[in-house]
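# Inside the fold
Chain by chain, the residues:
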Amino acid sequence: MSSLLLLNGPNLGILGRRQPEIYGTATLADIEAAVTARVADRGWKVVSIQRESEGELIHAIQDNYDSVGAIVNPGALMVAGWSLRDALASYPRPWIEVHLSNVWAREAFRHESVISPLAAGIIAGLGPLGYELAADALLRLAPES
């Protein structure tokens with residue numbers, strides 16, 4: 001069975017409780033279930049990994065090179081996650097960067113990402129729906145297996 005990597009960075013493990021006025025009330029488990037449902041017909045399983053440290057996220061990427069693709073929410077590591085960027089640069093499959101909030105409508109430091117230029121696409125500001133749309137995109141971008 002093929003797998004889809006669902007990678008979430010720092011502070012995303014507390015979704016549903018973390019600033020719901022910005023990030024909404026959906027939990028990471030809710031998002032994982034929605035993505036799982038979206039890719040089920042293709043026979044993909046979802047490997048969901050959330051870590052607070054950049055090094056652990058890098059290991060997750062390296063350990064999942066054989067996945068069909070990835071949905072990546074780097075959180076604030078988008079701003080200065082250079083090691084994460086390097087790991088994603090060598091990831092051999094398509095991946096979509098997702099942000100729950102519209103990062104360009106927020107603080108200026110969030111307006112530039114070191115990893116965005118590497119992504120197959122970017123979805124921001126659509127809340128949990130963004131993850132499902134990223135799954136839809138990967139269903140089209142990933143080769144049939």
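Higher on the page you've got the structure.
The following paragraphs examine the structure supplied in this document. (Residues numbered from 1 in each chain as written. Predicted model: local features only at pLDDT ≥ 70, side-chain atom pairs only at ≥ 80, totals over all residues. Heavy atoms only, no water.)

### So, the environment of G75
Tracing the backbone shows G75 in the loop between β3 (69-73) and α4 (77-80). Owing to a relative accessible area of 15%, G75 belongs among the buried residues under this scheme. Sequence spacing of G75 and E97 is 22 residues, and the spatial spacing of their C-alpha atoms is 9.9 Å. If sequence neighbours within four positions are ignored, G75 has contacts with L12 and H99. (Helix = DSSP H or I, 4+ residues; strand = E, 2+ residues; numbered from the N terminus. Buried < 20%, exposed > 50% of the residue type's maximum accessible area, 1.4 Å probe, protein only. Contact = heavy atoms within 4.5 Å.)

### Concerning a nonpolar patch on the surface
Together, L126, L129 and L133 make up a nonpolar patch on the protein surface, roughly 230 Å² of accessible area in all. Here L133 lies in helix α6 (residues 129-141). Classification of L133 as partly exposed rests on a relative accessible area of 31%. (Patch = residues over 30% accessible without salt bridge, like charges linked within 9 Å, V, L, I, M, F, W, Y side chains within 5 Å. Areas by Shrake-Rupley, 256 points an atom, 1.4 Å probe, with all protein chains shown as cover. Salt bridge = Lys/Arg side-chain N within 4 Å of Asp/Glu carboxyl O.)

### Describing the environment of A34
Its location among the elements puts A34 in helix α2 (residues 28-39). Considering only alpha carbons, one finds A34 and A119, 85 residues apart in sequence, at a separation of 22 Å.

### Structural notes on the pattern of salt bridges
Counted according to the given criterion, the structure contains three salt bridges. Where R38 meets D136, a salt bridge forms, and the shortest distance between an N and an O atom there is 2.8 Å. Within this pair, whereas R38 is found in helix α2, its partner D136 is found in helix α6, the two being separated by 98 residues in sequence. Look at R38 and you get partly exposed, because its relative accessible area is 29%. With a closest N to O distance of 3.9 Å, R85 and D86 form a salt bridge. One network of salt bridges, in which partners are shared, links R38, E132 and D136.

### Points about the nonpolar core
Side chains of a nonpolar character, in soluble globular proteins, are inclined to be buried together. If you look at the biggest cluster of nonpolar residues, it comprises 22 residues, and the most contacted ones within it are L4, L15, V35, W44, I71, L100 and Y131. Elements represented by at least two residues in this core include exactly β1 (3-8), α2, β4 (95-99) and α6. (Core = buried A, V, L, I, M, F, W, Y, C linked by side-chain atoms within 4.5 Å.)

### Quick word on the sheet that holds strand β2 (residues 45-50)
Pairing is parallel across the open sheet formed by five strands, whose spatial order is β2-β1-β3-β4-β5. One side of each edge strand has no neighbouring strand; the edge strands of this open sheet are β2 and β5 (121-124). Pairs of neighbouring strands in the sheet enclose a mean axial angle of 20°, with direction left out of account. Here β1 runs beside β3; their pairing, made up of five bridges, is parallel. Bridge pairing in β3 links L5 to A70. Each of β1, β2 and β3 is contacted by α2, which is oriented at about 155° to β2, the strand it contacts most. (Pairing = 2+ DSSP bridges. Axes fitted to C-alpha atoms, helices over the stretch in contact; angles between N-to-C directions.)

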